[in-house]
Amino acid sequence: MTVMTGKKALMEMLQAEGIQYIFGNPGTSEGPILDALEDYPDLQYLLTSQEGAAMGMADGYARASGQVSFVNLHIETGLANGLSLLHNAHEGGTPIVVTSANKDVRKLAEGRSDLSEMVRLFTKWSVEVTDPAQIPAVMRRAFTEAKTPPTGPVYIGFSANALDSEADMEIIPSPQGYFRLSPDKDAIKAAGQLLSVAKNPALIVGDRLAQSNGIPEAVRVAELVGAKVYATSYSEMNFPTDHVQFLGQFGAGTPEEQARLAENDVIIAVGTNVFSSFFYFEGRSLSKNSKLIHLDSAQREIGKSEPTDIGIAADPKIGLEELATFMEANMPGSSREEAKGRIAKISKESKTIREISNQHLKDRFESSPMSAERMMHEIASALPANTIIADDSVTSRAAVHSAIPFNQPGSIHGERGGALGWGMGGALGIKLAHPDRPVIAIVGDGSAMMTVQALWTASNLEIPVIYVICNNQSYRILKLNMNVYKKHVLKQESPESKYLAMDFPNPMPLAGLAKALGIYGRVIEDPKELRQAITEAIALGKPAVLDVSIDGRL
């Protein structure tokens, strides 16, 4: 035990946890933290000029590195600016420890904000330290909470007196976690028996599958049972997109999407919410004739909204491995032959989808402004083999996935949670985690402007991320959702809208802003220029912005 100040204990705990970067934007209340940081040169405070950029960087770094990241914001004002992307981190389960300092607890009569209550909705655990002796234990629990499945962000506030006062401290980091929980054997048996007799099964995957590194096991199960495979989201590489059984993304939102699963008699959902969507649609998302198996590390999601026949609480990788082993030992030969026949049919459907996509590209190849499909085709042709995509493309996402195959874990990280602005900072965090790999951020213009201040950080720290902006001069996602609202909520047969407040009469000048901040910026209108522009931008070894004008029509 050693007597030290709270601020020194904070630094010692960060070192003990292996933290290298502090992502943040400080204020006066964080003065004690910055003062202590002067004695710890191995801890790098990466300054952002807006809190959303700091949150995006921390999110991208945690996901790309597989480590808990650390954020430091400023009291209630800076903390409030970071809430939208803290919401994304919470929805996506990103392990982040978010902190800020607060006034001295003796400022009670004058008034001080309850910071832990302010962020409680968006964290796994939220607390304020008011005594220096609390810091080691609270930090240890915070890192443990953040990395324990289902992973997610936590918050710690530090009162001024807790940082400046002294106490007897023992610096012990959070424990090495062993979180691969095995499933109940009876549950695996029941699921295996149900899948063995399925006539038209489907596998639905989500981000918690990727977090468990369970993609090989998912492929193994899909091939065993001859299942169609869908992803509820693709913010991580959740299944190889060039696999013949993968049929794309599925949101289970609109009635049209629900109808896609109506024919499936057995559905196994792995590492995903079943289901999340913004709009309310009456009735079940799944057919009453469908049996649902839900395997997940997030026990709270099992049976939460959809009637579930078999719920399996376990690590997705371990659960799928045990399921595959059981089925290989017990699946009848006739069922195996039927599975092979289904795969042949699914392969034809997958081929048809690719042909439709290729025809769509062909039909819009010479469009002016260029189509999103042409834009992504040109990007794909220029990418080095080990490129990581930071996907914040919003309504151009389908074009991204049509053009670029993702079959390696960690080859893509995307926005999740619904708040715009992740990609600008997220890409910087990803690059810090993988300095030897090219990082290309494909970002919508509306999303880019939410945290455009990240360009200042990219310039200031010389982080060589290539931003390719999908500039369609609108909040196109709002237009698409307006159509969904009118058609499915208001039940209008032929919905029309003026799309108020959804267009940008003056285009977002992303390339111009980049130049003003000392970053290479270029506007691209001719698709023939894009491939070479990306090659040249990567060769610079510096941050760059390619502002691409594309067609935003619905």
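Refer to the preceding data block for the structure.
So, how was this worked out
- Throughout, residues of each chain are indexed from 1 in the direction in which the sequence is written.
- Local features in this predicted model are restricted to residues of pLDDT 70 or higher, and side-chain atom pairs are both shown and tallied only at a pLDDT of 80 or more, whereas totals for entire chains, interfaces and linings draw on every residue.
- Side-chain numbers here rest on the full set of heavy atoms in the structure, without hydrogens or water.
- Where helices and strands are cited, they refer to DSSP runs of H or I of at least four residues and of E of at least two residues respectively, numbered from the N terminus.
- Atoms counted for the radius of gyration: C-alpha only. Globule rule: 2.2 Å times residue count to the power 0.38.
- Exposure classes here rest on a 1.4 Å probe applied to the protein chains alone. A residue is buried below 20% of its type maximum, exposed above 50%, and partly exposed in between.
- Only heavy atoms matter for contacts: two residues are in contact if any of them lie within 4.5 Å across the pair.
- For the accessible areas, the method is Shrake-Rupley and the probe is 1.4 Å, while residue cover comes only from the protein chains on display.
- For the charge count, each Lys or Arg is scored as positive and each Asp or Glu as negative, with His and the chain ends excluded.
- Charge coordinates come from a single atom per side chain, which is NZ of Lys, CZ of Arg, CG of Asp or CD of Glu.
- For the purposes of these results, a polar contact is taken to be a pair of N or O atoms within 3.5 Å, where, inside protein, one atom must be able to donate a hydrogen and its partner to accept one; residues adjacent in sequence count only when each atom of the pair is a side-chain atom.
- Whenever Lys or Arg places a side-chain nitrogen within 4 Å of a carboxyl oxygen from Asp or Glu, that contact is recorded as a salt bridge.
- Among buried residues, the Ala, Val, Leu, Ile, Met, Phe, Trp, Tyr and Cys ones that are joined through side-chain atoms within 4.5 Å form a nonpolar core.
- Side-chain rings of Phe, Tyr and Trp (the six-membered ring for Trp) are treated as a pair once their centres are within 6.5 Å; stacked means planes under 30 degrees apart, edge-to-face means over 60, and tilted covers the remaining angles.
- For a ring to carry a charge above it, either NZ of a lysine or CZ of an arginine must fall within 6 Å of the ring centroid while also lying within 35 degrees of the normal to the ring plane.

Q: Before we go on, may I ask you to explain the overall build of the protein in this structure?
A: Across its full length, the protein carries 22 helices and 20 strands. What you see for the protein is a C-alpha radius of gyration of 24 Å, in line with the 24 Å of a compact globule of 554 residues. When the 554 residues of the protein are sorted by exposure, 56% land in the buried category. For the protein, long-range pairs separated by at least 24 residues make up 77% of all intrachain contacts whose partners lie at least 6 apart in sequence. For the protein, the exposed area adds up to about 23,200 Å²; of that, 51% sits on carbon and sulfur atoms. Put simply, the protein has 52 plus and 65 minus side-chain charges, and the middle of one group is 6 Å from the middle of the other.

Q: Got a minute to help me understand the side chain of Arg 208 in this structure?
A: For Arg 208, the location among the structural elements is in helix H10 (residues 207-211). At 2.7 Å, the side chain of Arg 208 and the side chain of Asp 296 are in polar contact. Residues in contact with Arg 208, not counting those within four places in the same chain, are Gly 271, Thr 272, Asn 273, Asp 296, Ser 297, Ala 298, Glu 301 and Pro 316.

Q: It is not clear to me how the pattern of salt bridges should be interpreted in this structure. Could you clarify?
A: Side chains carrying opposite charge are able to pair once their charged atoms draw close together. In this structure the tally under the stated criterion is 34 salt bridges. The partner of Glu 128 in a salt bridge is Arg 112, and the shortest N-O contact between them spans 2.6 Å. You can see Glu 128 sitting in strand S6 (residues 125-129) and its partner Arg 112 sitting in the loop between strand S5 (96-102) and helix H6 (115-118), a full 16 residues away along the chain. According to the relative accessible area criterion, Glu 128 is buried, its value standing at 16%. For Arg 112, a relative accessible area of 23% gives the class partly exposed. The shortest N-O distance in the salt bridge between Glu 378 and Arg 374 comes to 2.8 Å. Taken together, the residues span about one helical turn, with Glu 378 and Arg 374 both in helix H15 (residues 372-382) at a distance of four residues. The two residues Glu 378 and Arg 374 agree in class, both being buried. Put simply, Asp 59, Arg 63, Asp 207, Glu 236 and Arg 416 are held in one network by salt bridges that share partners.

Q: Would you take a moment to explain the side chain of Glu 17 for this structure?
A: Mapped onto the secondary structure, Glu 17 falls in the loop between helix H1 (6-16) and strand S2 (21-24). Here Glu 17 sits buried without a salt bridge, and the closest side chain of opposite charge, Lys 147, lies 4.6 Å off (N-O distance). Dropping the residues within four chain positions of it, Glu 17 is found in contact with Arg 140, Phe 143, Pro 173 and Ser 174.

Q: Looking at this structure, how should I read the nonpolar core?
A: Among the nonpolar cores identified, the biggest contains 66 residues, and Leu 203, Phe 239, Ile 293, Ile 312, Met 375, Ile 379 and Ile 442 are the most heavily contacted of them. Tallying contributions element by element places helix H11 (residues 215-225) first for this core, with seven residues. Contacts of Ile 293, omitting those with residues within four sequence positions, involve Ala 191, Leu 194, Leu 195, Val 266, Ile 267, Ile 268, Ala 269, Ile 310 and Ile 312. Grouped together as the second largest cluster of nonpolar side chains are 50 residues, Ile 96, Val 443, Ala 454 and Tyr 467 included.

Q: What should I look at first to understand the packing of aromatic side chains in this one?
A: Each aromatic ring pair is described using two quantities: the centre-to-centre distance and the angle formed by the ring planes. Here the structure, examined in full by the defined rule, presents nine aromatic pairs. Each ring, one from Tyr 230 and one from Phe 250, has its centre 5.8 Å from the other, and the planes form 50 degrees; the classification is tilted. With Tyr 230 in strand S10 (residues 228-231) and Phe 250 in the loop between strand S11 (246-249) and helix H12 (255-260), this residue pair connects regions lying 20 residues apart in the sequence. With a centroid separation of 5.7 Å and 70 degrees between ring planes, the pair formed by Phe 250 and Phe 275 is classed as edge-to-face. Of this pair, Phe 250 sits in the loop between S11 and H12 while Phe 275 sits in the loop between strand S12 (266-270) and strand S13 (291-296), placing them 25 residues apart in sequence. Each member of the pair, Phe 250 as well as Phe 275, carries the same accessibility label: buried. Its end group placed over the ring of Trp 125, Arg 141 keeps NZ or CZ at 3.9 Å from the ring centre. Positioned over the ring face of Phe 365 is Arg 374, at 3.7 Å from the centre of the ring.

These figures come from the coordinates and say nothing about function on their own.
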